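Structural characterization, general
Here is what each chain is made of, one letter per residue.
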Amino acid sequence: MASRSTASLRWQLLRQRLLPKSNCFDNQDLNRISRRPHGHFGLINFEQMRFCETEDELPGGDCEFVTFKYHIPVNPAVDLLLSQRNEDKTCYSDFSYAKKHQIDMTGLVGLWPAEEVLTYHCVSNASLFRNKRVLELGSGYGLAGLAIAACTEAAQVILTDGNPQIVDYLRANINRNRKVFRVDEVDGCLLHWSNDVPAELRYNIDIVIAADCTFFSDMHSALASSVKLLLKRSSESSALFFNPQRDGSLNSFLETARGMGFSVQLIERYDPSVWSIHESLMKGESSAWYNYDMDHCYPLLAVLKFAET
């Protein structure tokens, strides 16, 4: 097939998303131009389940759901079941819903690579969360927060998202996995960064975590403000952000955070296993991730703390 322009391919990508049976171009061409990562780091193995008994109870009208079993790499291993939207199909009602609530739809897509790395980092450093109140921003379907609840000795885990639909899915996934939790207090709640932080959460969180939440520059101020309102006023409080640079959007957010009184540490090589996989992908040693590049795909670790005065 003759090479097609990037613009043509992007229109076809949109068409395939809205009309899943449309398949005029091969997937390799579409993956090449998509900014949605079509790969993962292989840190957390997963498999699609045939059926989960509660899928028919999930909100979302006619939307199609799939259930995945994620194998969390701890000793002994822990399996988490997460139901999520079928990423190959789109519900048209999502567009009007997103406009009504002034939210984006990225959380409905599925597991993003930065969330995979965040999850791996959290279970690999479980001692960070011992006796801590932990809150995840932009949780999506909740893998990282659920893994903390199942694999650490945190005092409390709160999973949040700004999309009311996703909060319903979060709560369903929390209830489904309670039997494997080591943490008794695990909750899901709505938290829209542009709105006020609920009183019961203000200055009451030890560790905030987030993955791939800094892409939209118009939300940087609201995001940094939310973190500032959530964290306890303590030198031990911190926020852990795993985000690719994405055309400088991460640096822009960190500058906003510095302006609000945070000190920032940006770490490139935070884990030897993650870095080794990244180097292999950069060298093209794997064909599993067609459009891998460091700027858009490799999550840097940004640690935010209150600056000493």
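The structure displayed is predicted, hence computed values, not measured ones. (Residues numbered from 1 in each chain as written. Predicted model: local features only at pLDDT ≥ 70, side-chain atom pairs only at ≥ 80, totals over all residues. Heavy atoms only, no water.)

One open sheet holds the three strands; their spatial order is 1-2-3, and the pairing between them is antiparallel. Edge positions in the sheet fall to strand 1 (45-48) and strand 3 (78-85), since each has one partner strand and no second. Sheet twist, expressed as the average angle between the axes of neighbouring strands with direction ignored, equals 25°. Inspection of the sheet shows strand 2 (residues 65-72) paired to strand 3 by eight bridges, in the antiparallel sense. In the sheet register, Ile72 faces strand 3, and the bridge partner there is Val78. (Pairing = 2+ DSSP bridges. Helix = DSSP H or I, 4+ residues; strand = E, 2+ residues; numbered from the N terminus. Axes fitted to C-alpha atoms, helices over the stretch in contact; angles between N-to-C directions.)

With respect to topology, seven strands assemble into an open sheet ordered 6-5-4-7-8-10-9, the strand pairing being mixed. Sheet topology places strand 6 (185-190) and strand 9 (262-267) at the edges, where each strand pairs with a single neighbour. Averaged over all neighbouring strand pairs, the angle between strand axes comes to 20°, with direction disregarded. Of the pairings in the sheet, the one linking strand 4 (residues 133-137) to strand 7 (residues 207-211) comprises four bridges and is parallel in character. Paired with Glu136 across the two strands is Ile209, which belongs to strand 7.

Any two packed helices are characterised by how steeply their axes cross, that is the angle between the axes, and by the distance between the axes. Interhelical geometry of helix 7 (residues 220-230) versus helix 8 (residues 249-259) gives an angle of 50° and a closest axis separation of 9 Å. By the angle class used here, helix 7 and helix 8 are oblique. In terms of crossing hand, the pair formed by helix 7 and helix 8 is right-handed. Along the contact surface, helix 7 presents His220, Ser221, Leu223 and Ala224, while helix 8 presents Ser249, Ser252, Phe253, Thr256 and Ala257. Taken together, the residues that form the contact of helix 7 with helix 8 break down as four nonpolar, five polar and no charged. (Parallel < 35°, antiparallel > 145°, perpendicular 65-115°, else oblique. Left-handed = near helix turned anticlockwise from the far one by under 90°. Contact = heavy atoms within 4.5 Å. Nonpolar A, V, L, I, M, F, W, Y, C, P; charged D, E, K, R; others polar.)

Okay, unusual backbone geometry next. For the peptide bond that leads from Asn75 to Pro76, omega is 0°, which places it in the cis range. Positionally, Pro76 belongs in the loop between strand 2 and strand 3. Here Asn131, not a glycine, exhibits a phi torsion of approximately 65°, which is positive. Tracing the backbone through its elements, the reader meets Asn131 in the loop between helix 4 (113-124) and strand 4. Despite not being glycine, Arg246 has its phi angle at roughly 45°, a positive value. Among the secondary structure elements, Arg246 is positioned in the loop between strand 8 (238-243) and helix 8.

Per the counting criterion, the structure on display carries seven salt bridges. Close ionic contact of Arg130 with Glu153 constitutes a salt bridge, the shortest N to O distance being 3.2 Å. Here Arg130, found in the loop between helix 4 and strand 4, pairs with Glu153, found in the loop between helix 5 (143-151) and strand 5 (156-161); they are 23 residues apart in sequence, far enough to count as distant. Owing to a relative accessible area of 40%, Glu153 belongs among the partly exposed residues under this scheme. Between Asp196 and Arg202 there is a salt bridge whose closest N-O contact spans 2.6 Å. With a relative accessible area of 55%, Asp196 lands in the exposed category. Classification of Arg202 by relative accessible area gives partly exposed; the value is 30%. Overlapping salt bridges bring together Arg130, Glu153 and Arg182 as one network. (Salt bridge = Lys/Arg side-chain N within 4 Å of Asp/Glu carboxyl O. Buried < 20%, exposed > 50% of the residue type's maximum accessible area, 1.4 Å probe, protein only.)

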